[in-house]
Amino acid sequence: MSILTLASSSAIRATLLRNAGVEIQLKPARIDEDGLRESLTAEGATPHDIADALAEHKALRIASRDPQALVLGCDQLLECDGQLFNKPLNPQDARCQLTALRGRTHRLHTAAVLYAQGQPVWRHVSTPRLTMRDVSDAFLDSYIAANWDEIRHCVGCYQIEGPGIRLFSKIDGDLFAIQGLPLLELLAILTQRKEIPG
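On a predicted model such as this, the values are computed, not experimentally measured, just so you know.

A.B. asks: How should I be thinking about the overall build of the chain in this particular structure?
C.D. replies: When helices and strands are tallied, the chain shows seven helices and eight strands. For 198 residues, the compact-globule estimate of 2.2 N^0.38 gives 16 Å, and the chain sits close to it at 17 Å. Over its C-alpha atoms, taken along the principal directions, the chain stretches across nearly 50 × 35 × 25 Å. Partitioning the contacts of the chain with sequence separation of at least 6, the portion at a separation of at least 24 is 65%.

A.B. asks: How should the nonpolar core be read in this particular structure?
C.D. replies: Generally speaking, nonpolar side chains in soluble globular proteins are found buried as a group. If you look at the biggest cluster of nonpolar residues, it comprises 23 residues, and the most contacted ones within it are Leu 78, Leu 98, Tyr 143, Tyr 158 and Leu 167. At the level of elements, strand E3 (70–80), helix H4 (91–101), strand E7 (129–132) and helix H5 (137–151) are the ones that each hand at least two residues to this core. Of all the elements, H5 adds the most residues to this core, at six residues. Excluding anything up to four places from it in sequence, Tyr 158 contacts Leu 78, His 106, Leu 108, Leu 130, Met 132, Tyr 143, Ile 151, Gly 164, Leu 167, Phe 168 and Ile 178. Listed in part, the 21 residues of the second largest apolar core include Leu 16, Val 22, Ile 24 and Ala 116.

A.B. asks: Looking at this structure, I do not really get the packing of aromatic side chains. What am I missing?
C.D. replies: Given two aromatic rings, their pairing is described by the distance between the two centres and the angle made by the two planes. Evaluated as defined, the whole model comprises two aromatic pairs. A centroid spacing of 6.3 Å and a plane angle of 10° characterise the contact between Phe 139 and Tyr 143, whose relative ring orientation is stacked. Of the two residues, Phe 139 and Tyr 143 both sit in helix H5, four residues apart, roughly one turn of that helix. Comparing Phe 139 with Tyr 143, the two get one shared label, buried. Between the aromatic rings of Tyr 158 and Phe 168, the centroid separation amounts to 4.8 Å while the plane-to-plane angle is 75°, which identifies the pairing as edge-to-face. Taken together, the positions of Tyr 158 in the loop between H5 and strand E8 (168–172) and Phe 168 in strand E8 put the pair 10 residues apart, joining distant regions of the chain. The same class applies to Tyr 158 and to Phe 168, which are both buried.

A.B. asks: In this structure, what is going on with the environment of Phe 85? I would like to understand it.
C.D. replies: On the secondary structure map, Phe 85 appears in strand E4 (residues 83–85). Residues Phe 85 and Gly 156, spaced 71 residues apart in sequence, show a C-alpha to C-alpha distance of 6.9 Å.

A.B. asks: Would you explain H4 in this entry?
C.D. replies: Along an α-helix, a turn takes 3.6 residues, which lines up residues three or four apart on a common side. All of the buried residues in H4 are Ala 94, Gln 97, Leu 98 and Leu 101. Angularly, the buried residues of H4 cover 95° about the axis, an arc narrow enough to put them on a single face. Turned more than 90 degrees from where H4 packs its buried face, Gln 92 and Cys 96 sit exposed. Looking at the buried side of H4, the elements it contacts are E3, E4, strand E5 (105–116), E7 and H5.

A.B. asks: When you look at the side chain of Glu 79 in this model, what are you seeing that I'm missing?
C.D. replies: Relative to the assigned elements, Glu 79 resides in strand E3. Side chain to side chain, Glu 79 and His 109 meet in a polar contact 2.7 Å long. Aside from chain neighbours lying at most four places away, what touches Glu 79 is Pro 47, Leu 84, His 106, Arg 107 and His 109.

Criteria and thresholds
Residues numbered from 1 in each chain as written. Predicted model: local features only at pLDDT ≥ 70, side-chain atom pairs only at ≥ 80, totals over all residues. Heavy atoms only, no water. Helix = DSSP H or I, 4+ residues; strand = E, 2+ residues; numbered from the N terminus. Rg over C-alpha atoms; globule rule 2.2 N^0.38 Å. Contact = heavy atoms within 4.5 Å. Core = buried A, V, L, I, M, F, W, Y, C linked by side-chain atoms within 4.5 Å. Buried < 20%, exposed > 50% of the residue type's maximum accessible area, 1.4 Å probe, protein only. Phe/Tyr/Trp six-rings, centres within 6.5 Å; stacked < 30°, edge-to-face > 60°. Arc of directions from axis to C-beta. Polar contact = N/O pair within 3.5 Å; in protein donor to acceptor, adjacent residues only side chain to side chain.

Have a look at this one:
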């Protein structure tokens, strides 16, 4: 079985992969995400394509250092009515983002790109749709205060595997993709390539 190098420090992605029985190592890729996102946006790229490009840049950064490695790059963008949201800077920013999202439907573009032998061999973008309840100001304040340490690394300021699920009235799409990884599709390609037994 191959060791999968995850070009990320995401604890959630690492947990999903380990729980699925995939042997991994973490090597976070340091890229200028903000600069790349701004450049692609200025060029008219869609959120789908921006997420894909960011995932590929992360995989490429690690694969270029170790061409023999099997490397997975991932990224996730939140889009609501054409506006892109980033990870919150502080609790006040989280409050602003959640206020903007409540009562509305947004999309998460969750991208994954797999490199082998220094080349991209697979890519996938899932786009779940989530509808947030019109939650009260008091609920938002208590939610952010109680969960800031967990949500500060999350685009959209929520984790559906925790109390963040209470923010939503409807979810359409893959729950693994919402957590940051199109897991079933990834496991399928790893099995097909005989990187993992199956």
